[in-house]
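# Chains, contacts and geometry: an overview
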Amino acid sequence: MRNTFALTLGMAVTASVLSALPALAHDQSSASDSGPYPAVGAGTSFLDHQQKLAGLPDPAWFEANIPFVDLPDADIESTYYYRWRTYKEALKYTGPENGWIVTEFLGPVGYAAPGGAISAAAGHHIYEGRWLRDQRYVDDYLDYWLTGPGAGAKPATDGLGSDTTDWAHQYSFWVADAVLAKAEVDGRVDEATARLGTLEKQWQGWSPQYDKATGLYWQTPVWDAMEYTASSYQSDDPYHGGAGYRPTLNAYQYGDAQAIAKLADLSGDRRTAKQYRDAAAALQKAQDKYLWDAQSGFYKHVMRDDNPQRTKIADREEIGFIPWAFDMAPKDAAHTAAWAQLTDEQGFTAAYGPTTVERRSPLFMKDAELGCCRWSGPSWPYATSQTATALGNLLADYPKQKVVTSQDLVDLMHGYALTQRKDGKPYVAEAHHPDEDRWLYDGTGHSEDYNHSTYTDLVLGSLLGIRGQTGDSVRIDPQVGGWDHFAAENVPYHGRNLTVVWDRDGSHYAAGKGLSVWLDGKKVLSQKKLGDVTVRVPAKGARAQLAPEADDLAAPDGRAYPVATASYSWRDDSPAEAIDGQDFQLDVPGTRWTTYGSPNASDWLQVDLGTATTVRDVRTTFYDDGGGVKVPASYRVEYRKSDGSWAAVPGAPTPATPVGGALNRIQLTTPVTTDALRLVGTPQSGAAFGVTSFGAWRPVDASIRASIATAADGSIAVTAATPTTVTTTLKITSRDSTVASDKLVAPVGWKVERLDRGVTKPRPGTYTSKWKVTPPADLAIGADAPLRYAVDSTRRGFTADTVVVARAAFDPAAFPTTAWNDDFSTDELARYGLQGQLGEPAPTATVDTAAGTLVVTSTGGRDRGLFTVPVAAGAQSAVVMTPKSFAAGDGGENSLFLGLTNGPDDIAMSWYNHRGQSSGVNVVVGGQGRGDAEGGGSSAVTWQPGDRLATVVSNGRLSSWIEHAGTWTRLRSAPVSVAIPADQLAAWHPAFALRLDPGTITLDRVQVLTS
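Residues numbered from 1 in each chain as written. Predicted model: local features only at pLDDT ≥ 70, side-chain atom pairs only at ≥ 80, totals over all residues. Heavy atoms only, no water.

The tendency in soluble globular proteins is for nonpolar side chains to be buried as a group. Ranked by internal contacts, the top residues of the largest apolar core, which has 157 residues, are Trp145, Trp324 and Met413. Among the domains, domain 1 (49–467) and domain 2 (549–699) are the pair contributing at least three residues each to this core. Ignoring anything within four residues of it in the chain, the contact list for Trp324 reads Trp292, Tyr299, Ala329, His335, Thr336, Ala338, Trp339, Ala390, Asn393, Leu394 and Tyr398. Among the nonpolar cores identified, the runner-up in size contains 29 residues, and Val871, Leu996, Ile1001 and Val1008 belong to it. (Core = buried A, V, L, I, M, F, W, Y, C linked by side-chain atoms within 4.5 Å. Buried < 20%, exposed > 50% of the residue type's maximum accessible area, 1.4 Å probe, protein only. Domains from an automatic or database assignment. Contact = heavy atoms within 4.5 Å.)

One open sheet holds the 3 strands; their spatial order is 16-17-22, and the pairing between them is antiparallel. Of all strands in the sheet, those bounded by a partner on one side alone are strand 16 (466–467) and strand 22 (533–536). Summarising the sheet, strand 17 (residues 473–476) and strand 22 pair through 4 bridges and their orientation is antiparallel. Across the sheet, Ser473 pairs through a bridge with Arg536, a residue of strand 22. (Pairing = 2+ DSSP bridges. Helix = DSSP H or I, 4+ residues; strand = E, 2+ residues; numbered from the N terminus.)

A word on the domain arrangement of the protein. Under the domain assignment used here, the protein contains domain 1 (49–467), domain 2 (549–699), domain 3 (704–809) and domain 4 (813–1010). With 12 residues of domain 2 in contact, the opposing surface of domain 3 contributes 13 residues. Together domain 2 and domain 3 conceal approximately 1000 Å² of surface at their shared face, both sides included; 52% is due to carbon and sulfur atoms. The largest share of the area that domain 2 buries against domain 3 comes from Thr611, Arg698 and Pro699, three residues that together contribute 46% of it. With its nearest N and O atoms 3.2 Å apart, the salt bridge here joins Arg788 to Asp552. Inspection of the region where domain 2 meets domain 3 yields 4 residue pairs in polar contact (both at pLDDT 80 or more). Secondary-structure elements contributing two or more residues to the side of domain 2 that touches domain 3 are strand 26 (603–623) and strand 31 (690–699). When grouped by side-chain class, the residues that make up the side of domain 2 that touches domain 3 number 5 nonpolar, 3 polar and 4 charged. (Buried area = accessible area lost by both parts, 1.4 Å probe. Salt bridge = Lys/Arg side-chain N within 4 Å of Asp/Glu carboxyl O. Polar contact = N/O pair within 3.5 Å; in protein donor to acceptor, adjacent residues only side chain to side chain. Nonpolar A, V, L, I, M, F, W, Y, C, P; charged D, E, K, R; others polar.)

Sheets are built from strands that pair by backbone hydrogen bonding, the pairs being arranged parallel or antiparallel. Strand order in the open sheet formed by 4 strands is 32-34-37-36, with antiparallel pairing between adjacent strands. With partners counted over all chains shown, the strands left at the sheet margins are strand 32 (704–708) and strand 36 (751–754), one partner each. Averaged over all pairs of adjacent strands, the angle between their axes in this sheet comes to 25°, without regard to strand direction. As paired strands, strand 32 and strand 34 (residues 724–732) are joined by 5 bridges and run antiparallel to one another. Paired with Ile704 across the strands is Ile732, a residue of strand 34. (Axes fitted to C-alpha atoms, helices over the stretch in contact; angles between N-to-C directions.)

In this structure the tally under the stated criterion is 1 disulfide. Here Cys372 pairs with Cys373 through a disulfide, and the sulfurs are 1.8 Å apart. The chirality of the disulfide connecting Cys372 with Cys373 is right-handed, given an S-S dihedral of about 85°. Judged by its relative accessible area of 15%, Cys373 falls in the buried class. (Disulfide = S-S within 2.5 Å.)

As enumerated under the stated definition, the model contains 50 aromatic pairs in all. Between Trp203 and Tyr276, the ring centres sit 5.2 Å apart and the planes meet at 75°, which makes this aromatic pair edge-to-face. With Trp203 in helix 8 (residues 196–204) and Tyr276 in helix 10 (residues 270–290), this pair connects stretches of sequence that are 73 residues apart. Of the residues examined, Tyr276 reaches a relative accessible area of 0% and is grouped as buried. Taken together, a centroid distance of 5.6 Å and an interplanar angle of 70° make the contact between Phe886 and Tyr912 edge-to-face. Of this pair, Phe886 sits in the loop between strand 45 (876–885) and strand 46 (894–901) while Tyr912 sits in strand 47 (residues 907–913), placing them 26 residues apart in sequence. Under the relative-accessibility criterion, Tyr912 is labelled buried at 2%. A connected cluster of aromatic rings, assembled from ring pairs, spans Trp174, Tyr252, Phe326, Trp375, Trp380, Tyr382 and Tyr441. Above the ring of Trp61, the side-chain terminus of Lys88 is found at 5.6 Å from the ring centroid. The ring of Tyr228 carries the charged tip of Arg374 above its face, separated from the ring centre by 3.8 Å. (Phe/Tyr/Trp six-rings, centres within 6.5 Å; stacked < 30°, edge-to-face > 60°. Lys NZ or Arg CZ within 6 Å of the ring centre and 35° of its normal.)

Printed below as a string of structure tokens:
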């Protein structure tokens, strides 16, 4: 269908609205022939790849994926290979539903989108990843932002961005430009044009921040990913910065408009192309009118508010170079003169620079030593990436000039490489001192190998000048100063292997003098001089990518299933980290399970899938720190049979002897169907062993899309021993492959009955089936269980399985007994036995019988009061609370807890923090916290007046719930019985607690339901 949008620049744009992207070309081989890494194919072999990859984990991945370079500058080169390592570390598998994302931090942060992605540097990530041979990572990542969770709703809060309502607009983001840049390298223009509808929607999503009077977009610096900038310090909010018209978002929108226009041209849509080209031209004109300071010759920030004259700030900031990164700045001498500031000693030049504000600014390095994150002078790789990209464009795309030269780009890249050092070794964190060899912002367990910038893209695209094209050609325009030689070997380009060699006198590579180019190992160009040249790259037929794959063992972000357990675990190395979708070999932060300290002769790591699942290909990465944890002497993988016994999977491991930090694979000679796998390892003498990744992978037929109908939260509500109707859907999009079989699979003890004949003659089309699903009688309220729609393709070994969560619902009406119901119309306070808790004094509590409220007040420091209900919990109980109001004020504690207690030092409760708008579980036994029984993490939640909160304890599991508008939604679920046996919990008492700083919390009602 065609929909018409109103463009913010006063024109109409017709956009193709795609419900889903068409299936891309994929490898059609059978599953038994598929490999985890792409084949390199024919190419050249001038360089010693083994030597280049020395010290990198999993060298086979790098050999299969990255372009190899040889550079006369050892610092630039060593940083190049290091940055490919950090990029690989940042690849996170989020599960079969959404595949791969690229993370900014290796550990979790509270303001990330679902799965851990952050849009701030996503443009950098796409530019960097476009050079990989295996584009499945970046394809998934784009799907994530344009149609997946990244495109989903985001709370419009101060901490997550109050001006935007979806994750892809949380931070400024140049996604269409990056999609085009990717297509220019991988050659899959059809894949890029298929995204036009979603790219237009993303572009339009910035409309609320468009100002018609100026023709510009405004942005708050912090949502440009820049805190405490020079412009921010001139507002009343130095952290966020005042909203302003900035060369950032306006350049990004310009670049995206130009990219959409070009992609529309390539798809034959001339009308849309013109409309976006006109939009870009209008933005360019407005930016030069309002943001270009002719007097100082630079693009600057202009405050939006209380600035009727649109006066520019006095300070030059590094963001003033960004327009050139998108070829937005006019191609005249007046604008080009701005680049003199890059090398000016009072401008941006620095040994570890550039600086983020000019040195002559009185705000230069303001508060920089006070802690992260200041953009008032420190050198940020994020900004250096943009400046280097801009300089590369100036040298390649603009008229010749004398302000800066290619040697300035070499110098900039050399300084950028030296910035990425710590203790003499390659290392990137958040921000560096511009003049001293030290990182300013480098938080332990947080900033390591920070993926917030580009580097390899700059080496390949700007420095070596491999400039991608959408047609059957490549432009090569190196900007290498006085270098006598360099080589870029087997660069994945348009489905071919491109090698570019510069050897001034022919002595370095013995492959001829001057500039030479090879395609798939055959020389196609030779010229004596180094200069701008375009080389024809004939199309090579269908540019197939490897088939998509799914890992059925992956359980990132604390989902209920699969679940990992172990015979023994070191206290800091959870089994869950072996299946968390991340795989790297760092000490801190870590993503590993280890047996460090185990007394056992052998140990096992077990993953319960919850439902019977077909396993074909098991892949393991072992952790080896070179010290107390080494690869095991031997290992085997076992599967659980239907009778509960274990047997080795059929197939030999490759390699035969396990290796650390690399792929260890067992391709099963015969697939097995099981609900659990376990890895059994025997350690080397005197050492432990560890695992960073344990997966069961299967190829996915992208032409079959299977789904299960769920509620908005992605779950299916079920009740113990009660049938529920489940609806499944199959969408078949190709005649080349179709459905061989389909079935709905539930855990052992559940019953599944098909209610229709099923798909009898599957052809391209959409097919719906109904199933009756009955859980067992002992299903705990709040418990999750997987339902797998197992779909086999007619392509041998390929599947289209999907898994959703069946969740045991909470319904207060299902509890037969109301053991306690206090609406505070009478004063029952004395019966609660109010007392302080966990070392904090009790607050003051009174009952206002006229208002029907419990009033709890703290007048001194922080108080915490435990209210114990004088009834027994029994085998199954629910504590239901109706809050009325919470203590006001900034920075104050205003939390409540509800659940069970056996005294002030023994609690199993959920908590709700009103100020933080979050909820979790707290289990304390004998005054000691039991994190293993808390379920991990917390959930964002917004309580509104009239909402109820509840904690349910059922069959050893605690779950927390919130009711809004009559609907109960689960917040958290925790296996409290690992800390407190279920029979003991039955003897505990229902209770609630309030923790607050000076202020008041009031409650309307407390109920206890039992059965």
